[in-house]
Amino acid sequence: MKSETRQEEIVRVAAKLFKEKGYSAVTMRDLAKAIGIKAASLYNHINSKQDILNKIIISLAEEFTEGMTSIQSSDASCIEKLKKIIELHVRISSQNIYGMASLNNDWMHLEDKLNYYQKLRIDYENDFRAILKEGIASGEIVDTKPDVMMFSILTTLRSLYIWIPKKEDINPEELAHTLNQILIKGINK
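How each quantity is defined
Residues numbered from 1 in each chain as written. Predicted model: local features only at pLDDT ≥ 70, side-chain atom pairs only at ≥ 80, totals over all residues. Heavy atoms only, no water. Helix = DSSP H or I, 4+ residues; strand = E, 2+ residues; numbered from the N terminus. Buried < 20%, exposed > 50% of the residue type's maximum accessible area, 1.4 Å probe, protein only. Salt bridge = Lys/Arg side-chain N within 4 Å of Asp/Glu carboxyl O. Expected span 1.5 Å × (residues − 1). Arc of directions from axis to C-beta. Contact = heavy atoms within 4.5 Å. Polar contact = N/O pair within 3.5 Å; in protein donor to acceptor, adjacent residues only side chain to side chain. Phe/Tyr/Trp six-rings, centres within 6.5 Å; stacked < 30°, edge-to-face > 60°. Lys NZ or Arg CZ within 6 Å of the ring centre and 35° of its normal.

Novice: Quick question: what am I supposed to make of the environment of I122 here?
Specialist: The topology assignment puts I122 in helix α7 (residues 114-138). Using a relative accessible area of 48% as the deciding quantity, one classes I122 as partly exposed. C-alpha of I122 to C-alpha of K16: the two residues are 106 residues apart in sequence and 26 Å apart in space.

What follows is the structure, given as structure tokens:
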């Protein structure tokens with residue numbers, strides 16, 4: 001396994017602190033203390049707290065975008081595409097618990113990257129909605145409001161970072177399978 005660079009360590013520790021305290025409450029001094037270096041030394045590796053937030057949020061948003069692009073362009077059925085989206089969220093969330101907290105809770109603190117992030121998010125949701133509409137048109141998915149379906153599914157998926165750490169024996173593949181059963185097939189017998 002590749003060893004972590006100092007910059008990667010700073011970003012990882014910052015994401016944890018942002019989740020625990022909130023982006024606005026974390027100071028560079030807090031971050032330096034958590035890493036065990038002087039605050040001034042942080043600037044040898046990063047430009048600012050804003051730079052760290054950009055790295056956390058934008059890298060995750062781009063990872064979701066790349067995943068969605070791949071899913072959207074596949075020849076899979078709409079239901080299979082939805083299953084792949086759920087798998088994408090489980091994988092990214094289970095590997096990036098702290099970063100997902102920033103993505104969901106701190107995105108509004110982005111400064112120069114805010115418009116870019118919002119475009120990625122809007123495009124992602126538009127692609128998700130398009131899959132649902134295509135599934136409705138083909139008769140694969142029940143004919144109901146795509147926005148409500150998208151909201152229901154994404155709300156669950158976007159909050160996985162809160163739930164996953166409470167489960168010590170979580171198996172991402174099993175979780176994705178169970179979420180597919182519940183979110184796509186429902187809970188009716």
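Novice: Help me understand the pattern of salt bridges in this model?
Specialist: A side chain of one charge can pair with a side chain of the opposite charge if their charged atoms are brought near each other. Scanning the entire structure with this criterion turns up 12 salt bridges. Across the pair R6 and E9 runs a salt bridge whose closest N-O atoms are separated by 2.8 Å. Residue R6 and its partner E9 are located together in helix α1 (residues 6-21), separated by 3 residues, close to a single helical turn. For R6, a relative accessible area of 33% gives the class partly exposed.

Novice: What exactly am I supposed to notice about helix α10 (residues 172-185) here?
Specialist: Because the α-helix completes a turn every 3.6 residues, residues three or four places apart line up on one side. If you check α10, its first and last C-alpha atoms are 19 Å apart, about what 14 residues at 1.5 Å a residue would give, namely 20 Å. By the burial criterion, the buried members of α10 are L175, A176, L179 and N180. The buried residues of α10 all sit within an arc of 140 degrees when viewed along its axis, so they share a single face. Turned more than 90 degrees away from the buried face of α10 sit E174, H177 and K185, all of them exposed. Looking at the buried side of α10, the elements it contacts are α5 (78-95), α8 (146-158) and α9 (160-163). At the N-terminal boundary of α10, the capping side chain belongs to N171, with an oxygen 2.9 Å from the backbone nitrogen of E173. G186 sits one or two positions beyond α10 and adopts a positive phi of about 90 degrees.

Novice: Please clarify how the environment of I164 should be interpreted in this entry.
Specialist: With respect to the helices and strands, I164 occurs in the loop between α9 and α10. Taking C-alpha positions, I164 is 15 Å from E20, a pair spaced 144 residues apart along the chain. Beyond its immediate stretch of four places on either side in the chain, I164 contacts S93, S94, I97, I170 and L175.

Novice: Explain the packing of aromatic side chains to me, please; I cannot follow it from the model alone.
Specialist: Aromatic ring pairs are defined here through the distance separating the ring centres and the angle between the ring planes. For the coordinates displayed, the defined rule picks out 3 aromatic pairs. Arranged with centres 5.1 Å apart and planes meeting at 75 degrees, the rings of F18 and Y23 form a pair that is edge-to-face. Residue class for Y23 comes out buried when judged on its relative accessible area of 8%. With a centroid separation of 6.0 Å and 80 degrees between ring planes, the pair formed by F64 and Y124 is classed as edge-to-face. Of this pair, F64 sits in helix α4 (residues 49-72) while Y124 sits in helix α7, and the two are 60 residues apart along the sequence. The exposure classification of F64 matches that of Y124, with both residues buried. Across from the ring centre of Y23, 4.3 Å away, lies the NZ or CZ of K49, which sits over that ring.

Novice: Is there a simple way to think about helix α2 (residues 28-35) in this case?
Specialist: Of all the residues in α2, the buried ones are M28, L31, A32 and I35. What you see down the axis of α2 is that its buried residues fit within an arc of 100 degrees, all on one side. Seen from the buried face of α2, the exposed residues on the opposite side, beyond 90 degrees, are R29 and K33. Looking at the buried positions of α2, the neighbouring elements they touch are α1, α3 (39-42) and α4. The positive-phi residue at the C-terminal boundary of α2 is G36, with phi of around 90 degrees.

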